[in-house]
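# Chain and residue survey
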Amino acid sequence: MSTTLKRVHGYLAEFDSVKDLYHAAEHVRDAGYQRWDVHSPFPIHGMDEAMGNPSSKLPVFVFCGGITGTTIAFTLETITQTNFWSHIGLGFLQKIVETYPTVVQGKPTDIWTLPAFFPVMFELTILFSAFTTLFGLLALIGLPRWNHPLFVSKNFGKFSDDGFFVCIEARDPKFSQEGTKSLLEKAGGKNIELVEDEI
Amino acid sequence: MDASATASNTPRILDREPLVLNNRSYSWITNRICGIVENKQPALWWILFVPSVLLTGLMVFCFTYLISTGVGVWGQKQPVAWAWDITNFVFWIGIGHAGTLISAILFLTRQKWRTSVNRAAEAMTIFAVMCAGLFPAFHVGRVWMVWFLAPIPNANAIWQNFKSPLLWDVFAVSTYFSVSAVFWFLGLVPDLATLRDRCRPGLKKFLYGLFALGWRGGNRHWSHYETAYMLLAALSTPLVLSVHSVVSFDFATSIVPGWHTTIFPPYFVAGAIFGGFAMVLTLMLPVRRIYGLDDLITPKHVDNMAKIILLTGTIVGYAYCMELFVAYYSANPYEAAAFTLRGLTGPSTWAYYWMFSCNVFAPQLFWIRWCRHNVWVVMIVCMFVNAGMWFERYVIIATTLERHMTPGSWRVYEATWVDKYTFLGTFGFFMMLFLLFLRFLPVIAIGEVKGVLPQSNPHKDDHAEPGIQEEDLMDYSDRHVAKPVAA
């Protein structure tokens, strides 16, 4: 006999179409739930408004990542190729890297050689921004994650094919066994299922 | 129809051509695309794969021979120090640009038709850049010293020359490869989740699951994901323009007549997109036929890409003519001599005429609708463009160097067998990677294609008037504001 303890993750309801899912999301939003999500095989246009989601903060991270890239490129290039840092009294920085400047191509070794540094500054800006986008995204959405209670549901696997789901989590302050279920029923949900996770 | 009567004030908008034919359902799309990965490959796959692997072996052999003997096994001799290797580098890197154009620029301009071709085009980009990177790495002569290109401290206390276009190129190409790979991977995540959910438990499910990162398709995830995708598109757009501009700086910042031209950056970028689209079509037309994807990659897609080839081909033609005009109008005798040698009196005029006919004349067929809709014509024109773009780089690089400033050092370049087989080998390498991609990953972005179906619009049929697009009438003004949550 199995004695595994189970914890309720939440209610999962399936909907037939994008349209039904959209209207169900409006219902759940208006009922004041916080810990819930809709699951669909593709992003649905306008769903953020239907759910009342705030817009993503990712661009702020990416901006910082980009600036970091520009700064690193500028510092790397000016420290190794110019006398800029000694001129502003920070010559010790140049001592750290112990370098012979490459005096070639008849280009100046002061800060006025800057235009020749633009391509590398640009590329590193893009490089750092792109990686910040990837890792910032993963941090914001809490992935990668090896498992999740939702995967316990047999029905849920359809989300990546043609299934549309609403899941209201049990940790939502407004969650109740009866109230939440009837809300999902009223919104037109089918195959309503209490998802339980083994602990 | 009564609709035309009621809509007398609003101008009628014609229905757009559907992006997916025959009203396919979500599960049809999933089954069709995942089926390619899950079922046995057709015989043709093996017929192509085996020679590709053999050619890859040839490439490995050629590089091994080059390392063990010396870079002199290639045909470069003074004054032609850059020849087939740099030509191949620019050729392959150019191929990649169409992938980024489709995935980034067409995304920012909301061209929904891109969804059917972007995945394969991005894969093509990555594989093409891999082929491209090989050539400069071996061109340096001692490939085991290639890490000197990276800006890391070394025992000589000499840092890279950041003022050199060649180092700009190192940064541009490596950034391009990394960002394209990130973009591609991010696009793959939801589709890998689809494959994961369809697999029986086992190694496959483990691997797809590992790379799907535990994707659950929640809208709170999609919301960040779409922002990330848009940011990457916005980053890739200037990046792709910069990469081929920087490649062109390798030539344009020199003082060699025929290279020292300000038109090079836009001319190279247009040429890259031109050649890249030809390669996309070269790969996608057979894929579409072999795997039965005609409903997803429709004549409209082919038509659009043919039009882009026509446009960029004409830009390239303009650039060729402008080069000739400037050679005449600048009254610079060296510039004029460079172009006279290229087109009239030099030893390699044949390459110039190949370049001109393949790149400028062949795509003009695409003015005719019938030609854009006949896959055989499209395929043949694309083959001409593929060849023409290689000749373009050969003309610019090798034939310019054949006639240097000092007549005493003039020499006609001759490629050796190592040059030829190495280049042929990279085609095998490229094809092998692409065939493996077809075998293990979804060739079409499943999630994105589903997103452009008419039933994916939550406001479908809200305005049932025929002939008017829903999105033209959509109004989110009342839905933007979420109702306040009771405390």
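Residues numbered from 1 in each chain as written. Chains lettered and ligands numbered in written order. Predicted model: local features only at pLDDT ≥ 70, side-chain atom pairs only at ≥ 80, totals over all residues.

## Details of the overall build of chain B
Each helix and strand counted, chain B has 17 helices and 0 strands in total. By the compact-globule yardstick of 23 Å for 487 residues, chain B fits well, its C-alpha radius of gyration being 25 Å. Along the three orthogonal principal directions, the C-alpha set of chain B runs to about 85 × 60 × 55 Å. Looking at the 487 residues of chain B, the share that counts as buried comes to 46%. In chain B, once contacts between residues fewer than 6 apart in sequence are set aside, the share between residues at least 24 apart is 81%. (Helix = DSSP H or I, 4+ residues; strand = E, 2+ residues; numbered from the N terminus. Rg over C-alpha atoms; globule rule 2.2 N^0.38 Å. Buried ≥ 20, exposed ≤ 12 C-beta atoms within 10 Å, placed from the backbone. Contact = placed C-beta atoms within 7 Å.)

## Things to note about the interface of chain A and chain B
It is common to give the size of an interface as the accessible area lost on bringing the parts into contact. Each partner contributes residues to the interface: chain A has 69 residues there, and chain B has 61 residues. Contributions of two or more residues to the side of chain A that touches chain B are made by α1 (18–30), β2 (36–39), α2 (47–51), α3 (58–81) and α6 (118–141) of chain A. The element contributing the most residues to the side of chain A that touches chain B is α6 of chain A, with 15 residues. Each residue belonging to the side of chain A that touches chain B can be placed in one class, and the counts come to 36 nonpolar, 20 polar and 13 charged. (Nonpolar A, V, L, I, M, F, W, Y, C, P; charged D, E, K, R; others polar.)

## Digging into the domain arrangement of chain A
The domains assigned to chain A are domain 1 (6–54 + 147–198) and domain 2 (58–141). Using only C-alpha atoms to locate each centre, domain 1 of chain A and domain 2 of chain A end up separated by 47 Å. (Domains from an automatic or database assignment.)

## Comments concerning the confidence of the model for chain A
With 96% of its residues at a pLDDT of at least 70, chain A reaches an overall mean of 87. Per-residue pLDDT, averaged within each element of chain A, yields its smallest value for helix α5 (residues 91–97) of chain A (74) and its largest for α6 of chain A (95). (pLDDT = per-residue confidence, 0-100.)

## Re the packing of helix α6 (residues 165–198) of chain B against helix α8 (residues 219–252) of chain B
Residue and element names in this part refer to chain B. Two elements in contact, α6 and α8, have axes whose closest approach is 9 Å; the angle formed by their N-to-C orientations is 150 degrees. As judged from the angle between their axes, α6 and α8 are roughly antiparallel. Regarding α6 and α8, the two cross each other, and that crossing is left-handed. Seen from α6, the contacting residues are Pro165, Leu166, Trp168, Asp169, Ala172, Val173, Thr175, Tyr176, Val179, Val182, Phe183 and Leu186; seen from α8, they are Ala228, Tyr229, Leu232, Leu235, Ser236, Leu239, Ser242, Val243, Val246, Val247, Phe249 and Asp250. (Axes fitted to C-alpha atoms, helices over the stretch in contact; angles between N-to-C directions. Parallel < 35°, antiparallel > 145°, perpendicular 65-115°, else oblique. Left-handed = near helix turned anticlockwise from the far one by under 90°.)

## Examining helix α9 (residues 264–290) of chain B
Compared with an ideal rise of 1.5 Å per residue, which puts 27 residues at 39 Å, α9 of chain B spans 39 Å between its outermost C-alpha atoms and is within 8% of the ideal. The buried fraction of α9 of chain B is high, at 19 of 27 residues. (Expected span 1.5 Å × (residues − 1).)

## A few points about the sheet that holds β2 of chain A
Within a beta sheet, neighbouring strands are joined by backbone hydrogen bonds and run either parallel or antiparallel to one another. All names here are of chain A. As summarised here, the arrangement of the 4 strands in space is β2-β3-β1-β4, forming an open sheet in which the pairing is antiparallel. The open sheet has two free edges, formed respectively by β2 and β4 (190–198), since each of these has just one partner strand. Here the strands of the sheet are splayed against their neighbours by 25 degrees on average, with no regard to which way each runs. Pairing between strand β1 (residues 6–15) and strand β3 (residues 164–169): 6 bridges, direction antiparallel. (Pairing = 2+ DSSP bridges.)

## Things to note about the nonpolar core
Core analysis: the biggest nonpolar cluster contains 152 residues, and Ile93, Met124, Ala128, Phe277, Val280 and Ile309 of chain B have the highest contact counts within it. Top element by residues in this core is α6 of chain B. It accounts for 16 residues. With 28 residues, the next largest nonpolar core counts Val18, Trp36, Met51 and Leu150 of chain A among its residues. (Core = buried A, V, L, I, M, F, W, Y, C linked by C-beta atoms within 7 Å.)

## Thoughts on the pairing of β2 of chain A
Residue and element names in this part refer to chain A. Alternating residues of β2 divide into Trp36 and Val38 and Asp37 and His39, and every residue in both groups is buried. When β2 meets β3, the two strands line up antiparallel, connected through 4 bridges. Its bridge partner being in β3, His39 is matched across the sheet by Phe165.

## Observations regarding the environment of Trp36 of chain A
Residue and element names in this part refer to chain A. Tracing the chain through its elements places Trp36 in strand β2. You can call Trp36 buried: it has 23 C-beta atoms within 10 Å. Counting along the chain gives 23 residues from Trp36 to Ala13, while the straight-line C-alpha distance between them is 12 Å. Look past the residues within four positions of Trp36 in its chain and what remains in contact with it is Val28, Val166, Cys167, Ile168, Glu169 and Asp172.

## Examining the packing of helix α10 (residues 299–329) of chain B against helix α12 (residues 349–361) of chain B
Residue and element names in this part refer to chain B. In contact at an axis separation of 8 Å, α10 and α12 are set at 140 degrees when each is read in the N-to-C sense. Between α10 and α12, the interaxial angle falls into the category oblique. The segment α10 lies against α12, with Gly313, Val316, Gly317 and Tyr320 engaging Phe356, Asn359 and Val360. Looking at the contact of α10 with α12 residue by residue, the class counts come to 4 nonpolar, 3 polar and no charged.

## A few points about α3 of chain A
Every α-helix winds through 3.6 residues per turn, so residues three or four apart in the chain are directed the same way. Its 24 residues give α3 of chain A an end-to-end C-alpha distance of 35 Å, which sits within 8% of 34 Å, the value for a rise of 1.5 Å per residue. Regarding α3 of chain A, the residues found buried are Leu58, Phe61, Val62, Gly66, Gly69, Ala73, Glu77, Thr78, Thr80 and Gln81 of chain A.

## A word on the environment of Ile47 of chain B
All names here are of chain B. With respect to the secondary-structure elements, Ile47 resides in helix α3 (residues 43–69). Since 9 C-beta atoms lie within 10 Å of it, Ile47 is described here as exposed. Along the primary structure Ile47 and Thr349 are separated by 302 residues, whereas in three dimensions their C-alpha atoms are 37 Å apart.

## Observations concerning unusual backbone geometry
Most of the time, phi is negative for any residue but glycine, and the peptide bond is trans. Following Leu143 of chain A, the chain continues to Pro144 of chain A via a peptide bond in cis, the omega torsion being 0 degrees. Tracing the chain through its elements places Pro144 of chain A in the loop between α6 and β3. Cis geometry is found at the peptide bond from Gln78 of chain B to Pro79 of chain B, where omega equals 0 degrees. Tracing the chain through its elements places Pro79 of chain B in the loop between α3 and α4 (84–108). At Leu213 of chain B, a position not held by glycine, the phi torsion is positive, near 60 degrees. Among the secondary structure elements, Leu213 of chain B is positioned in the loop between α7 (203–212) and α8. Looking at Leu213 of chain B, the number of C-beta atoms within 10 Å reads 17, which means it is partly exposed. Located in the positive-phi region is Ala331 of chain B, a residue other than glycine, with phi close to 60 degrees.

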